[in-house]
Amino acid sequence: MKRVTLVGEVNSGNTGNKDRKHKDKVIELKGEGSMKKYVGLLLAGILLGSVCLSGCGSGETDKEALPAAEDDKGMQDANDTGETDQAVDAKDAKADSAQLLIGIACYSADEYQKSWLDTFEAAAESKGNIKVVSTNADANVEKQVSDVESLIAQNPDVIILRAVDADGLAASVDACVSAGIPVVASSYEVHNDKISAWVGANQKDNGILQGEYLQGILDANPDMKMNLCYIWGGFGLTGTQERYDGLIDPFVNKLKADGRGELLAEKAGNWSASDAMALTEDWIQSFPNMNVIVCQNDEMAAGAANALKAANVDMEKFYLLGIDGSANGQQYIRDGLIDATIWTDLNDEISTNLDVAVKVAGGETYKEPVYLNSYKLMTKDNIDELLGSK
């Protein structure tokens, strides 16, 4: 009988019982056949052990866990980027290297501003390679500052800023430039020389044209006096202040100096027809001699017209003015409820803004303002002529 002694240590496979080992095991083999049988078993055992060691050497890893580990890593990589959903969406929007992404920070969402944005988006879409993302500040400076931050996160090629306030948005231009995004100021000024272009007309011209219209009526009626009320879009904003100043100097100052009338009251209508209607209802009671209302947009003028009509005010002896030449304003002019508005050739304005934005995105900078010659007085007498010229 041959004796074979095997000495060794084998981990039990239970990591909690690493000290449990089998030692000095003695196996007795009888005969040559038994020896051959044992050698075969021994080789098989060695092979099996090597496989187990290589597969289990990490302690707890198995084949079923591997795909899950890969998935976890993929999720971790995505989370580690720190990108917002907006930034990811923006990257998708710019996936086509030929596509241009334009961000627009809008002043508000009144009827005219909506028309402006709709017309811009349609013009951009017609180009085939331009995408537009936009925000609405509701005429609030803090909201627009946040809006610009949101646009920066989307990484557009250029941002068109229709600023609520020239000073309040100055720092936002710095933020854009720091992010490598050029800025085009549109219609409303921004007090920051880092803008790449300014496109628009002087907001003061709106008020000047309103004053000239009213002065013409006074000149044609020497015995007439004008007692007017004024509806602001909002106080403390650069654009609204400029529109107001354009009317006050020279028209209202001259009106008072000549003894031909006065400014009875002025309040903010928040660009809203309903707010303007409520103001007008109060003024009808407070100022029975009121015969003129001047508004900073057509939407508020329409609200005032509704209040005057409901109170059976004789519109032949009352003068109501707006600004924008919006579709609703045009209808009120045709119906004889609004006497005049300051019309803007929207297609011309949008074409210029889009052209400048594309060029600025391509690296151009405009040292001089890009002026629009689009503000025109619109009345019932010339509405068809103006619209026919589009």
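Just above sits the structure.
No experiment lies behind these values; they were computed from the predicted model shown. (Residues numbered from 1 in each chain as written. Predicted model: local features only at pLDDT ≥ 70, side-chain atom pairs only at ≥ 80, totals over all residues. Heavy atoms only, no water.)

### Overview of helix α11 (residues 327-334)
Listed in full, the buried residues belonging to α11 are Gly329, Gln330, Tyr332 and Ile333. Projected down its long axis, α11 shows its buried positions confined to an angular sector of 160°, all on one face. For α11, the secondary structure elements touched by its buried residues are α10 (298-310), β12 (340-344), β14 (375-379) and α13 (383-388). Directly after α11, the chain includes Gly336, whose backbone phi takes a positive value near 80°. (Buried < 20%, exposed > 50% of the residue type's maximum accessible area, 1.4 Å probe, protein only. Helix = DSSP H or I, 4+ residues; strand = E, 2+ residues; numbered from the N terminus. Arc of directions from axis to C-beta. Contact = heavy atoms within 4.5 Å.)

### Describing the sheet that holds strand β13 (residues 370-371)
The strand order across the open sheet built from six strands is β4-β3-β5-β6-β7-β13, with neighbouring strands paired in parallel fashion. Two strands lie at the open edges of the sheet, namely β4 (130-136) and β13, each paired on one side alone. Where strand β6 (residues 183-186) and strand β7 (residues 197-200) come together, three bridges link them in parallel fashion. Paired with Ala185 across the strands is Trp198, a residue of β7. Each of β3 (100-106), β4 and β5 (158-161) touches helix α5 (residues 141-153); the most contacted strand, β3, lies at about 170° to it. (Pairing = 2+ DSSP bridges. Axes fitted to C-alpha atoms, helices over the stretch in contact; angles between N-to-C directions.)

### Section: unusual backbone geometry
Of note, the amide linkage connecting Asp249 to Pro250 takes the cis form, showing an omega dihedral of 20°. Residue placement: Pro250 occurs in helix α8 (residues 238-257). One non-glycine residue, Ser187, adopts positive backbone phi at about 70°. Relative to the assigned elements, Ser187 resides in the loop between β6 and β7.

### Some points on α5
Here α5 is 13 residues long and its end C-alpha atoms lie 19 Å apart, about the 18 Å a rise of 1.5 Å per residue gives. Val141, Gln144, Asp147, Val148, Ser150, Leu151 and Ile152 are the residues of α5 that are buried. Put simply, Asn140 is the residue that caps the front of α5, since its side-chain oxygen is 3.0 Å from the backbone nitrogen of Glu142. Positioned one or two residues after α5, Asn155 has a phi angle of 55°, which is positive. (Expected span 1.5 Å × (residues − 1). Polar contact = N/O pair within 3.5 Å; in protein donor to acceptor, adjacent residues only side chain to side chain.)

### Overview of the packing of aromatic side chains
According to the stated counting rule, one finds eight aromatic pairs in the structure shown. A ring pair is formed by Trp198 and Tyr371, whose centres lie 5.7 Å apart and whose planes are at 70°; its orientation type is edge-to-face. Of this pair, Trp198 sits in strand β7 while Tyr371 is found in strand β13, placing the two residues 173 residues apart along the sequence. Where Tyr230 meets Trp232, the ring centres are 5.9 Å apart and the plane angle is 80°; that geometry is what we call edge-to-face. Just above the ring of Trp116 sits the side chain of Arg162; from NZ or CZ to the centre is 3.9 Å. (Phe/Tyr/Trp six-rings, centres within 6.5 Å; stacked < 30°, edge-to-face > 60°. Lys NZ or Arg CZ within 6 Å of the ring centre and 35° of its normal.)

### Observations regarding the nonpolar core
In this structure, Leu161, Ile231, Ile293 and Leu320 are the most contacted members of the largest nonpolar core, which totals 52 residues. Examining the composition of this core, we find that six residues originate from one element, α10, more than from any other. When residues no more than four places from it in sequence are discounted, the contact partners of Leu320 are Ile293, Cys295, Ala301, Ala304, Ala305, Leu308, Leu337, Ile338, Asp339 and Ala340. In this structure, Val158, Val184, Ala357 and Val360 belong to the second largest nonpolar core, which totals 24 residues. (Core = buried A, V, L, I, M, F, W, Y, C linked by side-chain atoms within 4.5 Å.)

### What about the pattern of salt bridges?
Scanning all chains against the criterion turns up six salt bridges. Across the salt bridge formed by Glu349 and Arg162, the nearest N and O atoms sit 3.9 Å from each other. Highlighted residues: Glu349 in helix α12 (residues 346-361) and Arg162 in the loop between β5 and α6 (170-178), separated in sequence by 187 residues. Across this residue pair, the class does not change: Glu349 and Arg162 are buried. (Salt bridge = Lys/Arg side-chain N within 4 Å of Asp/Glu carboxyl O.)

### Here's the deal with the environment of Ser196
Of note, Ser196 is situated in the loop between β6 and β7. Distance in space between the C-alpha atoms of Ser196 and Thr365 is 4.8 Å, their sequence separation being 169 residues. Ser196 has contacts with Pro182, Val183, Val360, Glu364, Thr365 and Tyr366, leaving out every residue within four places of it along the chain.

### Some points on the environment of Ala179
Take Ala179: it is sitting in the loop between α6 and β6. Along the chain, Ala179 and Ala153 lie 26 residues apart, while their C-alpha atoms are 9.2 Å from each other.

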